[in-house]
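Single-letter residue listing:
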Amino acid sequence: MARYELVKRSVALITLTNPPVNSLSSAVRHGIAKTMDRALSDPKVTAVVICGENGRFCGGADIREFSGPMRGPPLLPLLDSIEAGEKPVVAAIEGVALGGGLELALVCHYRIAHSKARLGLPEVTLGLLPAAGGTQRLPRLIGIPAALELITTGRHVSSQEALKLGIVDQVTEQNVCEVAVEFALRAVAKPLSSRRLSALTVPCPPDLDALLEAVTMQIQKKARGMMAPLACVQAVRAAATMPYSQGIKRESELMATLFNSGQARALQYCFFAERTAGKWTLPSGAQWNDTKPREIRSAAVIGLGTMGRGIAVSLARVGISVIAVESDKKLMETGRQMVIGMLERDAKRRGVSASLNLLKFTLSLQNLKDVDLVIEAVFEDMALKKRVFQELSKVCRPTTLLCSNTSGLDVDALAGVTDRPQLVIGMHFFSPAHVMKLLEVVCGPRSSSETIATAMSLGKRMGKVSVAVGNCPGFVGNRMLKPYSDQATFLLEEGATPEQIDKVLEDFGFAMGVFRMSDLAGLDVGWRVRKESGLTGPDVDPKNPPRRRQGRKYCPIPDMVCEQGRFGQKTGRGWYMYDKPGGTNAKPDPLIQNLLETYRSRYGIKPRNITDQEIIERCLFALANEGFRILEDGIAARPEDIDVIYQFGYGFPRHRGGPMFYASMVGLERVLERLEHYHQAHPDVSHLEPSPLLKKLVACGSPPIQKWREHIKTMHSHL
Ligand SMILES: CC(C)(COP(=O)(O)OP(=O)(O)OC[C@H]1O[C@@H](n2cnc3c(N)ncnc32)[C@H](O)[C@@H]1OP(=O)(O)O)[C@@H](O)C(=O)NCCC(=O)NCCSC(=O)/C=C/CCCCCCCCCCCCC(=O)O
């Protein structure tokens, strides 16, 4: 796991060999220990170079090993011994030096990086801290403020930035190993004491306390409820205020607390879930690694509303030429200005030139004859979408893929009006589409494996986390949203307020509570859907009992809010009041309080005190319960897919893993017991009735989440 060669007669070249990222597994640590001993004890060897195989220095500790018993040589003493050695050691950094990989480089006496390399200490994103001396050595090398920023955010830096910061000694465009070997030969006669970072004193800013306080406050605001960034601050404080030997002890203590925390487990689960999500399979056996995607060079976007504009930007900025279509000249001109502005701002932020030459705007679908792929982003209306798809089917060449950015309509119904149902697929972007990382790729029963592969690969190319899902109303994300938001409105009836519910959800870690999120999205959207589905509005039979629809419990409060013209942030009023239309500062509105009181007294509901625990359990267990149904219906292939969708599309706190992981952490038995309890109290709310899969998993002894798939396999799959 570490190869040893003697080069230039006196340099030991140690190559880490653990593909794909040369992580520091126990075998690699063992290999480093053995080869370093050999290099240090061989009198022919005057210097050492450490590099990684396949163009990657090292991706850090092997994260998979964190869930089992620790074996092999511990990293920290191994690294300390490299630094203490009497022969110069040079790190030849190509590809990545991340986490333990950068900590390994920091104990080398010199660091040479390739110009395309990236470096960083991303442990915080895994709920940990750089506990192989990183929190103590980096501040000694680059100072407290810069180290604090890198360690608490986990940000990767380019080799150019690393050179400016002083992390690396040289950046090269040549073969980094060859440059490092030459460098090592020149370093042989030089003293090493000033190159041992642990022996240096930390350049401490005079306003240390104020700096640490400011960073702590920033973290509490941005990384609400997360332990690791705060522990990182404490570890860096130790570097600033203690000698190395004590600082390193503090680093280990803090790591021990984090290491066994639920947050670390959740964040490490998220790391792998994100990578698993791209690996789709179909009942036919076709899968991600045996189906070649088509190459997409040109695309069309139909509709230049908020979604269409974001999609056009996402395509153009990865080099795809885009024809954007609008139905009316004025709308097209507005769309053009917006898209160009967005692309220019995006390019400025990324320090590249805006690819405006890739954009064309048109009023006619006739101009789409030759594009490789079309993404329809018109109003969410099935009749309108069907007309567009019929037209596209006539206009586009027979091989063009036809995609719909629907957020919940039947993709197969759209496929059915075309001459190429196998080339039709849903691409559900999230708003704003050029910012949000999630893409639900909605596979209809007739979508071909090549179509799925192409949509998934296009999503990846646009920088999205793409998840393949089955075709049902609302797909995965929006289907699960209904029970979650229904519970929130039922809780309003029973005595809660929007601000109380939102606070509990935000304290749990959601970026926004359910009511603040609805205000942001616009309340009129859901109102229109409810009217179209006959749940509210003039079509409802007057003899229908007021709080029941279509045989189920129904809460009309959201309709009553809309009837007052309160459509959320955009109208300055919604569940909250805002300073002005479009304002973002949400304040509780006495008129909503009034509306709730009047409503309760009209229906004889005696408001009761609702605990935080009930809010969490009813909203989140109902959410996960629908997730279990989605798994048993085969609409999502794995719990990881659902969790990825909720993290990236709905602001579910990453340090809680996602709704399914959260349910597994609470304990499936407990979730089942609480759902049974609430369903007994609300027998007319079907979302609270525990799903068969949840019951089955509990009956099988609540296996860990990675094993659920074995119990789902036999069920019907749409994927
Ligand atoms: C940028 C990447 C490196 C590469 O990206 P890309 O090219 O896109 O490829 P990916 O698809 O992401 O990855 C390819 C496959 O490789 C797998 N992978 C990647 N990195 C790792 C890794 N570090 N470990 C394991 N596996 C990894 C990935 O899953 C893919 O495989 P698959 O498709 O899923 O099968 C990118 O991959 C990346 O960013 N990687 C992560 C980098 C990172 O975060 N590194 C930091 C790791 S943590 C670390 O280094 C910690 C160091 C300190 C260690 C100190 C140890 C002390 C522990 C003791 C504590 C004891 C307390 C005990 C107390 C008690 O119990 O008493």
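Residues numbered from 1 in each chain as written. Predicted model: local features only at pLDDT ≥ 70, side-chain atom pairs only at ≥ 80, totals over all residues. Heavy atoms only, no water.

*Asks:* Can you help me understand empty space enclosed by the protein in this one?
*Replies:* Rolling a probe over the atoms, with the probe sized like a water molecule, indicates the empty space that remains. Inspection of the entire model under this criterion finds one cavity of 30 Å³ or more. Counted as a void, the largest cavity has a volume near 70 Å³. Along its surface, the largest cavity is lined by A277, K279, W280, T281, L282, C443, I452, A468, A637, R638, D641 and L719. Residues of the lining of the largest cavity, tallied by class, amount to eight nonpolar, one polar and three charged. (1 Å grid on protein atoms, 1.4 Å probe; cavity = no way out; pocket = protein on both sides within 12 Å on 5 of 7 lines; lining within 4 Å. Points joined across faces, edges and corners; volume = space filled by probe spheres on them. Nonpolar A, V, L, I, M, F, W, Y, C, P; charged D, E, K, R; others polar.)

*Asks:* Would you mind showing me how to read the site of the ligand here?
*Replies:* If you check the shell around the ligand, you find 27 residues, and the closest are R56, A61, G100, R275 and K279. G100 places a polar main-chain atom, nitrogen or oxygen, 2.8 Å from an oxygen atom of the ligand. The side chain of N260 places a nitrogen or oxygen atom 3.3 Å from an oxygen atom of the ligand. Within the complex, the protein chains bury 71% of what would otherwise be the 1,300 Å² of accessible surface of the ligand. The set of elements that each furnish at least two residues to the shell around the ligand consists of α3 (100–107), α10 (244–259) and α11 (262–277). Among the residues making up the shell around the ligand, the classes are represented as 13 nonpolar, six polar and eight charged. (Near = heavy atom within 4 Å. Polar contact = N/O pair within 3.5 Å; in protein donor to acceptor, adjacent residues only side chain to side chain. Areas by Shrake-Rupley, 256 points an atom, 1.4 Å probe, with all protein chains shown as cover. Helix = DSSP H or I, 4+ residues; strand = E, 2+ residues; numbered from the N terminus.)

*Asks:* Just checking my understanding: could you explain the side chain of Q487 for this structure?
*Replies:* By the element assignment, Q487 lies in helix α17 (residues 477–494). Take Q487: its relative accessible area is 0%, and that puts it in the buried class. Those residues in contact with Q487 that sit more than four places away from it in its chain are R618, C619, A622, V685 and L688. (Buried < 20%, exposed > 50% of the residue type's maximum accessible area, 1.4 Å probe, protein only. Contact = heavy atoms within 4.5 Å.)

*Asks:* Would you explain the packing of helix α5 (residues 144–153) against helix α8 (residues 208–222) in this entry?
*Replies:* The packing of two helices is summarised by the inter-axis angle and the distance between the axes. Axis separation between α5 and α8 bottoms out at 11 Å; the angle between their running directions is 20°. Classified by the angle their axes make, α5 and α8 are roughly parallel. Pair α5 / α8 crosses with right-handed handedness. Side by side, α5 and α8 meet where I144, P145, L148 and T152 of the first sit next to L208, L211, L212, V215 and I219 of the second. Its residues assigned to classes, the contact of α5 with α8 comprises eight nonpolar, one polar and no charged. (Axes fitted to C-alpha atoms, helices over the stretch in contact; angles between N-to-C directions. Parallel < 35°, antiparallel > 145°, perpendicular 65-115°, else oblique. Left-handed = near helix turned anticlockwise from the far one by under 90°.)

*Asks:* Any chance you could explain the packing of aromatic side chains here in plain terms?
*Replies:* Two aromatic rings, taken as a pair, are described by how far apart their centres are and by the angle between their planes. Evaluated as defined, the whole model comprises 15 aromatic pairs. Residues F66 and F259 carry aromatic rings whose centres are separated by 5.4 Å and whose planes lie at 75° to one another, so their mutual orientation is edge-to-face. Of this pair, F66 sits in the loop between β3 (47–52) and α2 (75–84) while F259 sits in helix α10, placing them 193 residues apart in sequence. What makes F66 buried here is its relative accessible area of 17%. Look at F259 and you get partly exposed, because its relative accessible area is 25%. With a centroid separation of 6.0 Å and an interplanar angle of 45°, the aromatic rings of W527 and F567 are classed as tilted. Within this pair, whereas W527 is found in helix α20 (residues 523–532), its partner F567 is found in the loop between α21 (557–563) and β20 (576–577), the two being separated by 40 residues in sequence. The exposure class of W527 is buried, given its relative accessible area of 15%. Among the residues examined, F567 registers a relative accessible area of 21% and is labelled partly exposed. Three or more aromatic residues joined by ring pairs make a cluster, and in this case those are Y484, F508, F510, F652 and Y662. Taking NZ or CZ as reference, K531 lies 3.6 Å from the ring centre of W527, over its face. It is K553 that lies over the ring of F490; its NZ or CZ is 4.5 Å from the centre. (Phe/Tyr/Trp six-rings, centres within 6.5 Å; stacked < 30°, edge-to-face > 60°. Lys NZ or Arg CZ within 6 Å of the ring centre and 35° of its normal.)

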